[in-house]
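Each chain is listed here by its residues.
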Amino acid sequence: MKRNYLSGSIQKALRIIECVGKSARPLKASEVANLTKLERATAFRILTYLTSIGYIFKDITTNYYSLGHKLFEFGDKSDFLKTLSTYSINHLRNLSKETDLITYLAVLEGPHIMYCDKVSPAGDVAPPRSFRMRQDAHSTALGKAMLAFKSFEELNEIYKSYKLHKHTENTITSLDRLHLDLRKVKMNGYSINQAETFNYVYGVGAPILDNQQRAIAAISLSGTKSTINVKSAPKLAERTILTATLIANEVSKK
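Residues numbered from 1 in each chain as written. Predicted model: local features only at pLDDT ≥ 70, side-chain atom pairs only at ≥ 80, totals over all residues. Heavy atoms only, no water.

(A) Structural view of the overall build of the protein chain. In terms of helices and strands, the protein chain carries 8 helices and 8 strands. Counting all 254 residues of the protein chain, 49% fall into the buried class. Within the protein chain, contacts between residues at least 6 apart in sequence are counted, and of these 56% link residues at least 24 apart. (Helix = DSSP H or I, 4+ residues; strand = E, 2+ residues; numbered from the N terminus. Buried < 20%, exposed > 50% of the residue type's maximum accessible area, 1.4 Å probe, protein only. Contact = heavy atoms within 4.5 Å.)

Pasting the structure below:
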């Protein structure tokens, strides 16, 4: 007897991806629901989740959906992470040398970040402690720099079944508080980690934005309170934002 191993949720998600991918223009959630013959609430829930992990992109100014950058990793942009690292590495070296701090490059995967590169002030490149491993996004400068470009609905979906874990006394554990913090991040253009994942480890992060103002990755500086604090953070943030912009400009030319 033939067994059906494909769950209903996976089937629905694939139907939505195919629907959005085949459309000649971005679609509203109601249009996706009609075309896929799914209930609106179901279509919206799945769209929100697919958006949170990069497979669908939502233009928050129009509420229209199109394919996300993650899908292109399986096509012409299958070397997305490698390309990103290639274009970033010299800029990360320069930033690390200028600030005398360790720099990181990471991408967002749901409620986690995945590190891609680490550069020391000496210019050495080495896989970071969490290379290709995940850390909670809500407690890192890298993660907050990217989460800031998610809507409140998208954040709700990301953390619908994932707890905001408390790592230190400074970790934000409330979704409402996180949302307020992220609004400041988006307004200022940079994020701060005040010993929120590890005690005594501080950071400044900035998003790498694509042409549609999506945070496809982020970079950060990592140090201690003596090197990253209220007095030094603004100047470090300026350099980090500039470096992120330079990387974004190179990636956009690909």
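(B) Representation of the sheet that holds strand β5 (residues 134-136) within the structure. Read from one edge of the open sheet, 6 strands run β5-β4-β3-β8-β7-β6, paired in antiparallel fashion. The open sheet has two free edges, formed respectively by β5 and β6 (191-194), since each of these has just one partner strand. Between one strand and the next, the sheet's axes are offset by a mean angle of 35°, whatever the strand orientation. Taken together, the 5 bridges between strand β3 (residues 102-109) and strand β8 (residues 215-223) define a ladder with antiparallel strand orientation. Pairing of T103 across the sheet is with L221, part of β8. (Pairing = 2+ DSSP bridges. Axes fitted to C-alpha atoms, helices over the stretch in contact; angles between N-to-C directions.)

(C) Structural context of the pattern of salt bridges. As enumerated under the stated definition, the model contains 5 salt bridges in all. K144 serves as the salt-bridge partner of E196, at 3.0 Å between the closest nitrogen and oxygen. Taken together, the residues E196 in the loop between β6 and β7 (202-209) and K144 in helix α5 (residues 141-147) connect sequence positions 52 residues apart. Each member of the pair, E196 together with K144, is buried. Here R214 makes a salt bridge to D210, at a shortest N to O gap of 2.7 Å. Linked by salt bridges that have partners in common, K144, D181 and E196 make up one network. (Salt bridge = Lys/Arg side-chain N within 4 Å of Asp/Glu carboxyl O.)

(D) View of the pairing of strand β4 (residues 112-119). Across the 8 residues of β4, 7 count as buried, placing the element largely inside the fold. Sheet topology places β3 next to β4; 7 bridges connect them, and they run antiparallel. Paired with L108 across the strands is I113, a residue of β4. Connecting β3 to the antiparallel partner β4 that follows it, the hairpin turn spans 2 residues, and G110 within it adopts a positive phi of roughly 60°. Judged from the 3 bridges that link them, β4 and β5 form a sheet pairing that is antiparallel. Pairing of I113 across the sheet is with Q135, part of β5.

(E) Inspection of unusual backbone geometry at higher detail. Phi is positive for D100, close to 60°, though the residue is something other than glycine. The residue D100 is located in the loop between α4 (80-99) and β3 in this model. Positive phi, close to 55°, is recorded for A195, a residue that is not glycine. Relative to the helices and strands, A195 is located in the loop between β6 and β7. Note on A195: relative accessible area 3%, which makes it buried.

(F) Fine view of the packing of aromatic side chains. Inspection of the entire model under this criterion finds 1 aromatic pair. Consider the rings of Y104 and Y115, whose centres lie 5.1 Å apart with planes at 50°: the pair is tilted. Pair noted here: Y104 is in strand β3 and Y115 is in strand β4, with a separation of 11 residues, a long-range link. Sitting over the ring of F57, R214 keeps its end group 4.3 Å from the ring centre. (Phe/Tyr/Trp six-rings, centres within 6.5 Å; stacked < 30°, edge-to-face > 60°. Lys NZ or Arg CZ within 6 Å of the ring centre and 35° of its normal.)

(G) Seen up close, the side chain of S139. Here S139 shows up in the loop between β5 and α5. Once residues within four sequence positions are removed from consideration, S139 is found in contact with H167, T171, N193, E196 and T197.

(H) Examining helix α8 (residues 233-252) more closely. With 20 residues, α8 should cover 28 Å at 1.5 Å per step; its first-to-last C-alpha distance of 28 Å lies within 8% of that length. Listing the buried residues of α8 in full gives A233, L236, A237, T240, T243, A244, I247, A248 and V251. Projected down its long axis, α8 shows its buried positions confined to an angular sector of 140°, all on one face. (Expected span 1.5 Å × (residues − 1). Arc of directions from axis to C-beta.)

(I) Looking closely at the nonpolar core. Counting 28 residues, the largest nonpolar core has L84, L105, V107, I208, A217 and I219 as its most contacted members. For this core, the secondary-structure elements that each account for two or more residues are α4, β3, β4, β7, β8 and α8. It is α8 that provides the largest number of residues to this core, a total of 6 residues. Setting aside anything within four residues of it in sequence, one finds L105 in contact with L84, S85, S88, L92, M114, Y115, C116, D117, I208, A217, A218 and I219. Grouped together as the second largest cluster of nonpolar side chains are 22 residues, A106, I113, A148 and L155 included. (Core = buried A, V, L, I, M, F, W, Y, C linked by side-chain atoms within 4.5 Å.)

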